[in-house]
Amino acid sequence: MAMHTPLVIVKLPAWRRRLLLVLVLLGFAALLGRGVYLQSFHKRFLQEKGDARYSRTLVLPAQRGKITDRYGELLAISSPVESVWANPSDVKISASQTKKLAELLGFKKETIDKKLANNTREFVYLKRRVSPELAAEIMQLGIAGVYLQREYKRYYPAGEVTAHLVGFTDIDDKGQEGFELAMNSALSGKNGSRKVIKDRAGRIIEDLEAVKVPQDGADITLSIDRRIQYLAHRELTKAVEKFQANAGAAIVLDAKTGEVLAMVNVPTYNPNNPVNIQGKTRNRAITDIFEPGSTMKTVTAAAALEAGKYTPDTLIQTAPGYMSIGPATIHDAHPHGLMTVSEVIQKSSNVGAAKMALSLEPQYLWGVFNLIGFGSKTRIGFPGEVSGRLRDYKTWRPIEQATMSYGHGISVTLLQMARAYTVFANDGELKPVSLLKLKDAPVGTQVFSAKTANEVKSMLELVVLPGGTALKAQVLGYRVAGKTGTTHKLGDHGYEKNKYVGSFVGMAPASNPRLIMAVMIDDPSSGEYYGGTVAAPVFSAVMADALRMLSVPQDAPNNNVVIPNDVEDVKESI
Amino acid sequence: MITAMLNRDRINSPSYDQSLLWVTLILLGIGLVMVYSASIAIAESDKALGYNSSYYLVRQAIFLIVSLTAGFVAFNVPMAWWQKMAPYLFLLGLALLVLVLIPGIGKVVGGSRRWLSLFVINLQPSEFMKLFAAMYVADYTVRKAAVMDSFTKGFMPMLFVMLLVGGLLLNEPDFGAFAVIAAISISILWLGGINARIFGGLIVLLVVGFVFLIWSSPYRLERVIGFMDPWADPYGKGYQLSHALIAFGRGEWFGVGLGGSVEKLLYLPEAHTDFLLAVVAEELGFVGVLTVIGLFMWILIRAFGIAKEAIENERYFSALLAQGLGVWIGVQSIINMGVNMGLLPTKGLTLPLMSFGGSGILANCIALAILLRIDFENRRLQKGLPA
């Protein structure tokens, strides 16, 4: 029983007990102090560190706006895709999973290993923009640390047909060309965001702030009529191939409103897969200038009529087929002798046009060219538009004034030339052009009197009739008014001897024009190069189908077309 | 009249320390709830556990039932028996510590060989060694009371025994258990009246020894460096502590609410074991931390109060053991909470009565039952009844 009666007295000093108790209690006191410090004074710092580790700001992508034609047909639309990404420090992957993942993504196994080796980064794309189906298969592998991110891929249903107008976006959905570029900010809208706390496995636990809802981008309705666009694309492509041309462009305008119903270029590209697109993305109709040639004579003639010095029947002596101005000489293709103003246009006489131009004040002629839109941008809102070149009249020499009358020494875009011809479809009023659909026809600028405009339009009708330069521009059942143009191409060292640009600008039905079309074929190398041969057939084919498609009433009998084989085109002067 | 009232008071007063029992049960209860809260995400994401969210809850509940039963049995064992068995239990503890080091018998978890596989559960001998050591040193001090002043007769044998225990524990390695056992032993020797000069020398020896141990073993050094500035390498060595501290900061005064911890969502490793207090701090705030600290303080204070009464009854083994158990629970909880708060380097020590783990809970419950038994016997003696 040692327990109750110890043999020796055990020394258990009370002060030792108290000291020990106080020491241990001091330990608890230290904990309390530390707790107060951590949970009140130091909390902000610690919470920031915590946020840095597990709060994430997620981007809620705004859906990019649609681009449609004037009837709502889709030209550009965003479809959801998934991007596969990984946080390398969280990834747990077995060898067999790596193999399967590599197979699904179409990578080598080593590529996956390499991407996941970078432990310092928290975000690595494994592959962007895969289909939702493939993404689902990848997630079924159940690899920890591999995630999906919703993105949108742009799809262009009309593909190469509208490529130059609509353009395309890059992998980050930013517009690179065309309207995708021009109206990028309106189309993209505003991404939303969501600040959340995630657990270590990447699952969202809670929202930290109110969700910022994404604002989807605005839809854009172009003035384009997709059916006419297809027609123009088909016929232009055919012509460029047939005449082995370097390039081509065509524009169809609504004659009354100035809306662009079609605008096509060759060569073109596939905007759904824009690779090897060097030199193919230019919307030449707007971004490239060329010397128009004889299509300019129409404007010269109208200026001469408007000035009151000429009537359509005024006779002009063009013999002997050439004319010297100072040291320079201008030529006609064939000597024509005495001609009316109408015949000058119909047969495209350089000498006749020059004589009319030289009878006018330089300032007046410049004023007409300027008013009808040459030398300044159309402000159609398309990236890369150029203004063309119209020199100040004060620097004009007589020879320059003479050559400008038939479209040399002046540079224009195809769009400017098409717009200029709205004057002859609208009783002398120049309509502004638009690539966006309009509600009402805009008010234009009066350039000529209605009388002058209609007289010139009547002259243009002669061009497609026997004795004119563009028999191939005729359209079954409709009267056509138009003008051909053919020029030597401007190279680095002046005009190139064997390179031409053939063009045609016209409208139909001539009695009450509904459509205006301008066609330009650049450097046809098959041997044919006159505008009446290479460009006019494009006009004819597109107009024939487009007018019927739009149910435009005929203004000519169904036997109005003179078979071009019977009568040769008059060779226009270059 | 007055003596009659006093007598009646004495007779009607409860036969055991109700506050100590309730504090123990409350800590066990908070522990169970917090273990469940802290372990849901861990269990759900673990394929080996069958993604079963209540895996740890069920096991901890079973541990509690077993431990409370064992505690009830221990409460009914007279202190005389414990004192008689003290040396044998200590030898049993030593044998288990040797056994655990034998490859094939001892189970390695997380780089330490600390567990014995017994069919369905793993036994951690070091947890029981804390109890056995407290008993042994208390018994030793009473037996050697006459020679406690002597360096060779009083101190040397105990130093030898402690170096043996220390050697075994550091081979696992289990530095935390060694620190706790050293604290228990030194406390009992100090209370038992060890010569102050010897004690001074012992403290110096221990400090030198600890410093040497820390500097000699790279993994301990890393723990010390990581503890000093967790933000220097927050994704490496400071990872665990930085997440524990963030949990404290997020909890503020009143916590984010039970179940609302983000840190337990796989960010904070060992959230249900060593870092349970961090989850308490995040979900229940400083109020929760204060409650836990207060409850542990009450156990410490009661242990020393019970010891004082035992001394008055001249029951020196009980007195020393009561204080040894108080120091055990107190020091281990301080070290664990200090680690959670970044005051001390990471030790691998659980929070007594609360952290997940069968051996720890069982040993703690038996310790508290013995403390209640000492008090029970005190009260009987005060009432003039046999112990």
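Residues numbered from 1 in each chain as written. Chains lettered and ligands numbered in written order. Predicted model: local features only at pLDDT ≥ 70, side-chain atom pairs only at ≥ 80, totals over all residues. Heavy atoms only, no water.

Chemist: Outline the overall build of chain B, listing residues and values.
Modeler: Helix and strand content of chain B: 13 helices and three strands. Across the 387 residues of chain B, 57% fall into the buried class. For chain B, the computed accessible surface area is about 15,600 Å², with 69% contributed by carbon and sulfur atoms. (Helix = DSSP H or I, 4+ residues; strand = E, 2+ residues; numbered from the N terminus. Buried < 20%, exposed > 50% of the residue type's maximum accessible area, 1.4 Å probe, protein only. Areas by Shrake-Rupley, 256 points an atom, 1.4 Å probe, with all protein chains shown as cover.)

Chemist: Hey, could you go over a nonpolar patch on the surface for me, with residue numbers and the actual values?
Modeler: Where nonpolar side chains cluster on the molecular surface, the patch consists of Trp15, Leu19, Val22, Leu23 and Leu26 of chain A and spans about 500 Å² of accessible area. On the secondary structure map, Leu23 of chain A appears in helix 1 (residues 14–41). (Patch = residues over 30% accessible without salt bridge, like charges linked within 9 Å, V, L, I, M, F, W, Y side chains within 5 Å. Salt bridge = Lys/Arg side-chain N within 4 Å of Asp/Glu carboxyl O.)

Chemist: Please provide a residue-by-residue account of the packing of aromatic side chains, values included.
Modeler: Residues and elements named next belong to chain A. Inspection of every chain in the model, using the stated rule, returns 22 aromatic pairs over all chains. Their ring planes at 5 degrees and their centres at 3.6 Å tell us that Tyr500 and Tyr529 sit as a pair that is stacked. With Tyr500 in strand 18 (residues 494–508) and Tyr529 in the loop between strand 19 (515–522) and helix 19 (531–534), this residue pair connects regions lying 29 residues apart in the sequence. Here Tyr500 matches Tyr529 in class, with each residue buried. What links up through ring pairs into an aromatic cluster is the set Trp85, Phe123, Tyr125 and Tyr147. (Phe/Tyr/Trp six-rings, centres within 6.5 Å; stacked < 30°, edge-to-face > 60°.)

Chemist: How would you sum up the sheet that holds strand 19 of chain A? Please name residues and give values.
Modeler: Residues and elements named next belong to chain A. The strand order 10-9-19-18-17 describes an open sheet built from five strands, whose pairing is antiparallel. A single partner strand is all that each edge strand has here, and the edge strands are strand 10 (260–266) and strand 17 (481–491). Averaged over all adjacent pairs, the angle separating strand axes in this sheet is 10 degrees, with direction ignored. One ladder, built from eight bridges, connects strand 9 (residues 247–254) with strand 19; its direction is antiparallel. (Pairing = 2+ DSSP bridges. Axes fitted to C-alpha atoms, helices over the stretch in contact; angles between N-to-C directions.)

Chemist: Tell me what's going on with helix 5 (residues 125–143) of chain B, and back it up with residues and numbers.
Modeler: When the terminal C-alpha atoms of helix 5 of chain B are compared, their 26 Å separation across 19 residues agrees well with the 27 Å that a helix rising 1.5 Å per residue should span. Burial analysis of helix 5 of chain B places 18 of its 19 residues in the buried class, the great majority of the element. (Expected span 1.5 Å × (residues − 1).)

Chemist: Explain the sheet that holds strand 1 (residues 55–60) of chain A to me, and be specific about the residues and the numbers.
Modeler: Residues and elements named next belong to chain A. Spatial strand order, 1-6-7: three strands in an open sheet with antiparallel pairing. Every interior strand has two partners, whereas the edge strands, strand 1 and strand 7 (204–207), have only one. Averaged over all adjacent pairs, the angle separating strand axes in this sheet is 45 degrees, with direction ignored. Bridging between strand 6 (residues 192–198) and strand 7 involves three bridges; their strand directions are antiparallel. Along strand 7, the bridge assignment pairs Val196 with Asp207. Strand contacts of helix 2 (residues 43–54): strand 1 and strand 6, with the helix running at about 45 degrees to strand 1, the strand carrying the most contacts. (Contact = heavy atoms within 4.5 Å.)

Chemist: Tell me what's going on with the interface of chain B and chain A, and back it up with residues and numbers.
Modeler: It is common to give the size of an interface as the accessible area that goes away when the parts come together. Between chain B and chain A, the contact holds 63 residues from the first and 42 residues from the second. When the two sides are added together, the surface that chain B and chain A hide from each other amounts to roughly 4,900 Å², 71% of it contributed by carbon and sulfur. Summed over the shared surface of chain B and chain A, the result is 10 residue pairs in polar contact (both at pLDDT 80 or more). Those elements that place two or more of their residues in the side of chain B that touches chain A are helix 4 (79–101), helix 7 (175–191), helix 10 (239–251), helix 11 (276–312) and helix 12 (316–340) of chain B. Taken together, the residues of the side of chain B that touches chain A sort by class into 41 nonpolar, 15 polar and seven charged. (Buried area = accessible area lost by both parts, 1.4 Å probe. Polar contact = N/O pair within 3.5 Å; in protein donor to acceptor, adjacent residues only side chain to side chain. Nonpolar A, V, L, I, M, F, W, Y, C, P; charged D, E, K, R; others polar.)

Chemist: Break down the packing of helix 6 (residues 151–171) of chain B against helix 8 (residues 196–216) of chain B for me, citing the residues and quoting the values.
Modeler: Residue and element names in this part refer to chain B. At a closest axis distance of 13 Å, the pairing of helix 6 and helix 8 adopts a crossing angle of 20 degrees. By the criterion of interaxial angle, the relationship of helix 6 to helix 8 is roughly parallel. In the crossing of helix 6 with helix 8, the sense of the turn from one axis to the other is right-handed. In this structure, helix 6 uses Phe151, Phe155, Leu159 and Leu170 to contact helix 8, whose residues at the interface are Ile198, Leu202, Leu205 and Leu213. Tallied by class, residues from the contact of helix 6 with helix 8 come to eight nonpolar, no polar and no charged. (Parallel < 35°, antiparallel > 145°, perpendicular 65-115°, else oblique. Left-handed = near helix turned anticlockwise from the far one by under 90°.)

Chemist: Could you give an account of the UniProt feature "active site" (unreviewed entry) in chain A, with specific residues and numbers?
Modeler: Residues and elements named next belong to chain A. In the numbering used here, UniProt assigns the feature "active site" (unreviewed entry) to Ser294. Mapped onto the elements, Ser294 comes out in the loop between helix 10 (284–287) and helix 11 (297–306). Ser294 sits in the buried class, given a relative accessible area of 1%. Aside from chain neighbours lying at most four places away, what touches Ser294 is Ser348, Tyr406, Lys483, Thr484, Gly485, Thr486, Glu572 and Ser573. (UniProt positions renumbered as here; feature names shortened; annotations may be inferred.)

Chemist: Please give an account of the pairing of strand 6 of chain A that cites residues and values.
Modeler: Residues and elements named next belong to chain A. With five of seven residues buried, strand 6 is to be regarded as a mostly interior element. Pairing between strand 1 and strand 6: six bridges, direction antiparallel. Paired with Ser55 across the two strands is Ile197, which belongs to strand 6.

Chemist: Describe unusual backbone geometry, listing the residues and the values that go with them.
Modeler: In this structure, the amide linkage connecting Val266 of chain A to the following residue, Pro267 of chain A, adopts the cis form with an omega of 5 degrees. Within the secondary structure layout, Pro267 of chain A lies in the loop between strand 10 and helix 10. The omega angle of the peptide bond from Glu172 of chain B to Pro173 of chain B is -5 degrees, so this bond is cis rather than trans. Within the secondary structure, Pro173 of chain B sits in the loop between helix 6 and helix 7. Within the chain, Arg129 of chain A stands out as a residue other than glycine whose phi angle is a positive 55 degrees. Residue position: Arg129 of chain A is located in strand 4 (residues 124–130). Phi at Ser551 of chain A takes a positive value of approximately 55 degrees, unusual for a residue other than glycine. Tracing the backbone shows Ser551 of chain A in the segment after helix 20 (536–549).

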